[in-house]
Amino acid sequence: MNIFPKLISLLLQYPDEDLVDGLSEMEPFVSELEPESARMMCSDFLHYLRRTPLLHIQEEYTRTFDLDPSMCLNLSHHKLGDDRKRGDALAALSGLYQVAGFEMSTGELPDHLPLVLEFLSVCPEGAGEVIKADYRNEVHGLARRLNEKESSYAGLLGLAAEFFDRKPEA
């Protein structure tokens with residue numbers, strides 16, 4: 001398992017009490033991250049989650065990702081909008097997940113970035129590279145827009161964009 005995308009996936013999910021209660025379990029993984037910039041970004045985000053009331057974090061998350069279509073975490077929305085081809089893209093992702101034996105445990109669409117990152121943490125390398133190539137530009141665009149808005153989530157999306165740029169290790 002590649003812990004980096006799994007960690008980013010967890011931090012990008014809707015914040016709830018389980019997330020806050022699990023922060024101490026994430027610390028050892030954050031302390032192992034490389035490069036140092038990723039470790040610092042995730043450590044800062046954990047600190048933000050600890051010091052901010054949960055209701056405030058939930059409001060920010062909803063305002064950021066649910067109320068602004070340009071910030072939604074469904075990658076095919078950014079790539080295809082409401083085009084009919086979006087259904088094909090979602091079906092292709094679902095098929096890729098099934099072939100790899102990955103069970104979607106949430107009610108989210110298969111292109112929801114936290115779900116995609118979770119899959120990338122466990123999937124066969126070839127399948128991961130296909131997804132990264134297909135949605136690299138969308139992740140970068142989302143990271144750029146969040147950075148422009150100075151969102152608390154901008155750094156996490158920046159890390160996701162860096163991950164989408166990584167080439168497979170030889």
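Attention here is on the structure that accompanies the text. What you see is a predicted model; the values in this text were computed from it and never measured.

1. Here's the deal with the overall build of the chain
Helices and strands together make up the secondary structure of the chain, namely ten helices and zero strands. Put simply, the chain runs from its N terminus to its C terminus through helices and strands in the order α-α-α-α-α-α-α-α-α-α. The C-alpha radius of gyration computed for the chain amounts to 15 Å, which stays within 12% of the reference 15 Å derived for 170 residues, consistent with globular compactness. Along the longest, intermediate and shortest principal axes, the C-alpha atoms of the chain span 40 × 40 × 30 Å. Considering the chain as a whole, with its 170 residues, one finds that 46% of them fall into the buried category. Pairs at least 24 residues apart make up 64% of the contacts formed inside the chain by residues separated by at least 6 positions. Accessible surface for the chain amounts to roughly 9,100 Å². Of this, 50% is attributable to carbon and sulfur atoms.

2. Here's the deal with a nonpolar patch on the surface
On the surface, a cluster of nonpolar side chains totalling about 400 Å² of accessible area is made up of Met1, Ile3, Phe29 and Val122. Locating methionine 1 in the fold gives a position in the segment before α1 (3–12).

3. Digging into the nonpolar core
With 50 residues, the main nonpolar core has Ile8, Leu11, Leu12, Leu113, Leu117 and Phe164 as its most contacted residues. Looking at this core, the elements that each hand over two or more residues are α1, α3 (23–31), α4 (36–51), α5 (54–66), α7 (85–99), α8 (113–122), α9 (125–148) and α10 (154–165). Sorting elements by how many residues they give to this core places α10 first, with eight residues. Other than its neighbours up to four places away in sequence, isoleucine 8 contacts Cys42, Leu117, Leu156, Leu159 and Ala160.

4. A look at the packing of α8 against α9
For the pair α8 and α9, the least separation of the axes is 11 Å and the interaxial angle reads 150°. Regarding the angle of α8 to α9, the classification is roughly antiparallel. Of the two possible hands of crossing, α8 and α9 adopt the one that is left-handed. When α8 is examined against α9, the residues Leu113, Val116, Phe119 and Leu120 are found in contact with a partner set consisting of Ala127, Gly128, Ile131, Lys132 and Val139. Residue composition of the contact of α8 with α9, grouped by class: seven nonpolar, one polar and one charged.

5. A word on the pattern of salt bridges
Counted by the stated rule, this structure contains eight salt bridges. The salt bridge partner of lysine 6 is glutamate 118, with a shortest N-O separation of 3.7 Å. Highlighted residues: lysine 6 in helix α1 and glutamate 118 in helix α8, separated in sequence by 112 residues. The same class applies to lysine 6 as to glutamate 118, namely buried. The closest approach of N and O atoms between aspartate 111 and arginine 86, which form a salt bridge, is 3.6 Å. With aspartate 111 in the loop between α7 and α8 and arginine 86 in helix α7, this residue pair connects regions lying 25 residues apart in the sequence. Judged by relative accessible area, which is 16%, arginine 86 ranks as buried.

What counts, and at which threshold
Residues numbered from 1 in each chain as written. Predicted model: local features only at pLDDT ≥ 70, side-chain atom pairs only at ≥ 80, totals over all residues. Heavy atoms only, no water. Helix = DSSP H or I, 4+ residues; strand = E, 2+ residues; numbered from the N terminus. Rg over C-alpha atoms; globule rule 2.2 N^0.38 Å. Buried < 20%, exposed > 50% of the residue type's maximum accessible area, 1.4 Å probe, protein only. Contact = heavy atoms within 4.5 Å. Areas by Shrake-Rupley, 256 points an atom, 1.4 Å probe, with all protein chains shown as cover. Patch = residues over 30% accessible without salt bridge, like charges linked within 9 Å, V, L, I, M, F, W, Y side chains within 5 Å. Salt bridge = Lys/Arg side-chain N within 4 Å of Asp/Glu carboxyl O. Core = buried A, V, L, I, M, F, W, Y, C linked by side-chain atoms within 4.5 Å. Axes fitted to C-alpha atoms, helices over the stretch in contact; angles between N-to-C directions. Parallel < 35°, antiparallel > 145°, perpendicular 65-115°, else oblique. Left-handed = near helix turned anticlockwise from the far one by under 90°. Nonpolar A, V, L, I, M, F, W, Y, C, P; charged D, E, K, R; others polar.

Any functional reading would require information beyond the geometric quantities listed.
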